[in-house]
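Here is what each chain is made of, one letter per residue.
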Amino acid sequence: MEPVPVGLVGAGPWADMVHAPMLAAGPYTSLAGVWARRPGAAAELAGRHGAPAFERIEDLFEVCRAVAFCVPPAVQAELGVLAAAAGKALLLEKPLAADLDGARRLADAVAESGVASQMVFTFRYSRATAEFLERARALEPFGGYAANISGALHGGPFATPWRLERGAVLDVGPHMIDLLDAALGDVVSVRAHGSALGWAGLLLEHATGAVSEASLCMAARGETPPARVEVYGRTGSALLLGSDLGESVFPEVARQFAETVRRGGGHPLNARHGLRLQEVIEAAERQLR
C-alpha cells in the first residue's frame, strides 16, 4: 500500500525533532512538502528529508492528502481551518488552539468539511499507556493523581513565546487531563489554584463520580522526575510513568494517522476531543492567579 502523502506546516524545533522525520520515515506516510512562516527554515528542513518547500500554503495543499501541524496553538487554529476547507485530513498538536473560540472554529470546520482529524497526545500512542488504561478501568476506579514537572520554561527548545506566556496548563496540561479523563471518565468540572507560570494544581471531577488531582509545573530547577499518572480503585491501583512510553510512540502516530486518513471520519483523539479538553483548560486558567 502506498504511503499517505502528508504536508507539514511548521519548521521549528518540534517539527525538526519529531514531525518531519516521523512523516518521512515511512512506510505509512511520506513527507510531501513543508511550509512555514519562515521560508528559509522550511527549505532547510524539507531539504534534509528530500522534500520540497513551498512559499504558499495553498501550494502545499495541492501535493498532499493530509496536513500535519507543528506551529503555535493560535496559528494551528487559523491554518487548520484553511486545510479543512481544502479537504485535507488533519494531524493536530495539543492544545487544539490558544483559546476556546479558536478551538471551536477549528472543530466546527473539521465537522463541516467532514475531513478526518487526529491529535498527537503523545502518551496515548504507547503500548504501556494502553495497558495502563485497561488496568485502570478494571479497578472500579474512584480517584487518581497526575504530575508533570519540568524546568522547560528556563530555556531550551520548548521555551517558546506561547509557553512563556501561558505556561504549564496550556502546554503539559492537555496530556495529564486527557489521561485522567480516559482512565476515570469525562471531566465535568475543574477547580484550579496556583500559577500557570509556577505551580498549578487542578482538582477534577469526573462524570463517573471519581475525583482526581493534577500538579503541573514547567518552572522547576534541577533534576525532575518523569511524568506520572496514578489511578486508585476498589480492587487496586495502576501507575504509568512517562519513562515507560518506549521508542515506538511516533511510528505508531504515523501508522494510526495513515489508517485514519484512509478510513475517513474521526479518530478517538480527534478535534472534538481536543475541544472538550480546551474547555477544561480555559476553565482552569480563569481561576489561576
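Residues numbered from 1 in each chain as written. Predicted model: local features only at pLDDT ≥ 70, side-chain atom pairs only at ≥ 80, totals over all residues. Heavy atoms only, no water.

Description of the overall build of the protein chain
Test applied: Segments assigned H or I by DSSP are reported as helices when at least four residues long, segments assigned E as strands when at least two residues long, and all are numbered from the N terminus. We compute the radius of gyration from the C-alpha atoms alone; for a globule the expected value is 2.2 Å times N to the 0.38, where N is the number of residues. Only protein chains enter the area calculation, which uses a 1.4 Å probe; residues under 20% of their type maximum are buried, those over 50% are exposed, and those in between are partly exposed. Any two residues whose heavy atoms approach within 4.5 Å at even a single point are treated as in contact. Here the accessible surface of atoms and residues is derived via Shrake-Rupley with a 1.4 Å probe, and residues count as covered only by protein chains that are part of the display. The positive count covers Lys and Arg only, the negative count covers Asp and Glu only, and His and the chain ends enter neither. By convention, the point assigned to a charge is CZ for Arg, NZ for Lys, CD for Glu and CG for Asp.
Looking only at helices and strands, the protein chain features eleven helices and eleven strands. Taken over C-alpha atoms, the radius of gyration comes to 19 Å for the protein chain, in line with the 19 Å a tight globule of 289 residues would show. Counting all 289 residues of the protein chain, 55% fall into the buried class. Intrachain contacts of the protein chain at a sequence separation of at least 6 include 72% that bridge at least 24 residues. Of the roughly 12,400 Å² that the protein chain leaves accessible, carbon and sulfur atoms contribute 52%. For the protein chain, the centre of its 26 positive side-chain charges and the centre of its 32 negative side-chain charges are spaced 1 Å apart.

A word on the side chain of H175
If you trace the backbone, H175 turns up in helix α9 (residues 173-184). H175 sits in the buried class, given a relative accessible area of 10%. If sequence neighbours within four positions are ignored, H175 has contacts with K94, V120, F121, T122 and F123.

A word on helix α6 (residues 127-137)
The criterion, for reference: It is the directions from the helix axis to the C-beta atoms whose arc is reported.
Listing the buried residues of α6 in full gives A128, T129, F132, L133 and A136. Considered in projection along α6, the buried side chains sweep an arc of 130° and stay on one side of the axis. The exposed set on the far side of α6, more than 90 degrees from its buried face, consists of R127 and E134.

As for helix α4 (residues 73-85)
Quick reminder of the rule: Helix span, as expected, comes to 1.5 Å for every residue beyond the first.
For α4, built from 13 residues, the straight-helix expectation of 18 Å at 1.5 Å per residue is met to within 8% by its first-to-last C-alpha distance of 18 Å. What α4 keeps buried is the set P73, V75, Q76, A77, L79, G80, A83 and A84. Phi turns positive one or two residues past the end of α4, at G87, with a value near 80°.

Remarks on the sheet that holds strand β9 (residues 211-217)
Sheet strands pair by backbone hydrogen bonding; their relative direction is either parallel or antiparallel. Rules: A pair of strands is treated as paired once DSSP finds two or more bridges between them. Inter-axis angles, ranging from 0 to 180 degrees, are taken between N-to-C directions of lines fitted to C-alpha atoms, where helices are fitted over the stretch in contact.
Read across the open sheet, the six strands follow the order β7-β8-β9-β6-β10-β11; overall the sheet is mixed. Pairing within the sheet leaves two strands with one partner each, and these edge strands are β7 (187-194) and β11 (236-241). Between one strand axis and the next, the sheet turns by 15° as a mean value, whatever way the strands run. Note that strand β6 (residues 141-149) and β9 share seven bridges and pair parallel. Looking at β9, one finds that G144 is bridged to S212. α6 rests against β6, β10 (228-233) and β11 of the sheet, and its axis sits at about 160° to β11.

Concerning the layout of surface pockets
Note the following rule: Grid points spaced at 1 Å and placed over the protein atoms alone form the basis of the search, with a cavity being a set where a 1.4 Å probe fits but cannot get out and a pocket an open set showing protein on both sides within 12 Å along at least five of seven lines. Lining residues have an atom within 4 Å of a point. Grid points are joined across faces, edges and corners, and a volume is the space filled by probe spheres set on the points.
Computed from the structure, the largest pocket encloses a volume of approximately 1,200 Å³. In terms of lining, the largest pocket is formed by 44 residues, of which the most central are W14, K94, F158, R163 and D171. Looking at the lining of the largest pocket, the elements with two or more residues in it are α1 (13-25), α4, β6, α7 (161-166) and α10 (249-263). Per-element accounting of the lining of the largest pocket gives the leading share, three residues, to α7.

Structural notes on the pairing of strand β8 (residues 199-206)
Here β7 pairs with β8 via seven bridges, running antiparallel. The partner of A192 across the bridge, within β8, is L202. Counting the residues between successive antiparallel strands, the hairpin from β7 to β8 contains four residues. In the sheet, β8 pairs with β9 via seven bridges, with the strands oriented antiparallel. The residue bridging L202 from the neighbouring strand is A214, located in β9. Where β8 folds back on β9, the antiparallel hairpin that results is connected by four residues, among which G209 adopts a positive phi of roughly 95°.

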